[in-house]
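Chain residues, written in single-letter form:
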Amino acid sequence: MLTILALASVILLGIVPQQSEAIVIYTGWERHALVGSDIRLSCSFFSWRWTSDDVTFSWSYRADGARDSIYVFHYTGGAPYVDNKGPFRDRLEFVGNPGRRDGSILLKNLDYGDNGTFTCDAKNPPDIVGRASSVRLLVFEKVPIQAGVITGAIIGAVLGLLVLVVVIYYLMRFLVARRVFNLSVSKHGKKGKGKEGSQQRQ
Amino acid sequence: MLLLLLGIVILHIAALVLLFVSTIVNAWTTGSTSSSDLWNNCSTTNGGYHCAPANTGEWIQAVQALMILSIIFSFISLFLFFCQLFTLQKGGRFFLTGVFQIFASLFVMSGAVIYTVMSPTWVHGSEAFGWAYIIAWVAFPLALISGLIYVILRKRE
């Protein structure tokens, strides 16, 4: 019975990768940053295949309001190639680890003109079919409080206080009941629980 | 006796419904072409009707939280009322129910006050307050009266 199960699972594991051979790329959805700061845009992928030596990463950038995108980073053949002519020359750095499927880049000294969409595309031959993933960069003068943070904090604090009050109330009732029990026992004699009770009180 | 009970429950539920409507409907301030509330700033421009999320400032989030808390406390108060109806001894007071309802009314009041004071920062000064804002102010005394009645009421038979 067990051997049949083991055999079936091995066969399934062998079959499934052949059918779902698509690479899945993960980046963030949106990133907020302050003017003048640095930001790390992360990109990683999931693939059923082992990480090959020919793994490639590409980052392209489309400014807000622009119609087309330009490539700003490419990693291939084991070497990274950063932007040396475009809007990010001298400001882009590769901080990823392709062996660990990480193709993250670091943008330095951000400006309002860097608002836009960054798209990461990764290929892990022979696993090359997949969708590129985009992350939107928003540059602020002052990072605004995200919607709902304070709302949630206030509601959580008040309800937490309520729960605390209820718990303390029932705890006090429980303790008072126990104290009464200890008092009545110690009156009869200083043995066993009575002694324990007085020691506890001290 | 039953009539009194029914009346009190109807008052409580009326306050609860007013709180719900006030929190949800988009009519805290209205202008000739726009309306805004705790959650959205909507306006009809040349391109049509479109809404943007309300300014994510600290104060409007505090108002959101206070309105939601008042709804929650009013719900808890209603639930406690039915609990206490069946478990309270004869002659006992619906103290806990009343306390929660009074808290709900205080939250609505503070929410409405904060909104009144801070609204010039997120809507145009020329816009008038809408009916959802008025309903919030009406819900406050209703909830307060309902809470006080609970505190004064004594259970009979």
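The structure displayed is predicted, hence computed values, not measured ones.

Caption draft 1: Seen up close, the overall build of chain A. Summing up its helical and strand segments, chain A has three helices and 12 strands in all. Looking at chain A as a whole, 28% of its 202 residues qualify as buried. The long-range fraction of contacts in chain A, counting pairs at least 24 apart against all pairs at least 6 apart in sequence, stands at 56%.

Caption draft 2: Looking closely at the UniProt feature "transmembrane region" (unreviewed entry) in chain A. The sites that UniProt annotates as "transmembrane region" (unreviewed entry) are residues 145–171 of chain A. As a span, residues 145–171 of chain A carries 85% helix and 0% strand, and end to end its C-alpha atoms are 38 Å apart.

Caption draft 3: Structural context of the sheet that holds strand β10 (residues 116–123) of chain A. All names here are of chain A. If you trace the six strands from one edge of the open sheet to the other, you get β2-β12-β10-β5-β6-β7, paired in mixed fashion. With partners counted over all chains shown, the strands left at the sheet margins are β2 (30–34) and β7 (79–82), one partner each. Across the sheet, the mean angle separating the axes of adjacent strands is 20° when strand polarity is ignored. One ladder, built from five bridges, connects β10 with strand β12 (residues 133–140); its direction is antiparallel. Bridging from a neighbouring strand, Gly116 pairs with Leu137 of β12.

Caption draft 4: Layout of the pattern of salt bridges. Residue and element names in this part refer to chain A. Scanning the model with the defined rule gives five salt bridges over all chains in all. Residue Lys108 pairs with Glu93 through a salt bridge whose shortest N-O separation is 2.5 Å. Here the residue Lys108 occupies a position in the loop between β9 (105–107) and β10, and Glu93 occupies one in strand β8 (residues 92–94), the gap between them amounting to 15 residues. Judged by relative accessible area, Lys108 falls into the partly exposed class, the value being 28%. Among the salt bridges present, the one from Asp121 reaches Lys123, with a minimum N-O distance of 3.4 Å. Residue class for Lys123 comes out partly exposed when judged on its relative accessible area of 31%.

Caption draft 5: The pairing of β10 of chain A, seen in detail. In this sheet, β10 of chain A lies alongside strand β5 (residues 56–63) of chain A in antiparallel orientation, the contact comprising eight bridges. Opposite Arg62 of chain A, over in β10 of chain A, you have Thr117 of chain A as the bridge partner.

About the cut-offs
Residue indices begin from 1 for each chain and proceed along its sequence in written order. Here the convention is simple: chains get letters from A, ligands get numbers from 1, in the order in which they are written. With pLDDT at 70 or above as the cut-off, local features in this predicted model cover only qualifying residues; side-chain atom pairs require 80 or more to be listed or tallied, and sums for whole chains, interfaces and linings still use all residues. Side-chain measures were taken over the full set of non-hydrogen atoms in the model, leaving aside hydrogen atoms and water. Comment: elements are numbered from the N terminus, with helices defined as DSSP H or I runs of at least four residues and strands as E runs of at least two. Only protein chains enter the accessibility calculation, which uses a 1.4 Å probe; a residue is then buried when its area is under 20% of its type maximum, exposed when over 50%, and partly exposed in between. Every residue pair with non-hydrogen atoms within 4.5 Å of one another is taken to be in contact. UniProt positions are given in the numbering used here, feature names are shortened, and annotations may be inferred rather than shown by experiment. Strand pairing is defined by DSSP finding a minimum of two bridges between the two strands. All axes here are fitted lines through C-alpha atoms, helices being fitted over the stretch that makes contact, and every angle between N-to-C directions spans 0 to 180 degrees. When a carboxyl oxygen of Asp or Glu lies within 4 Å of a side-chain nitrogen of Lys or Arg, that pair is called a salt bridge.

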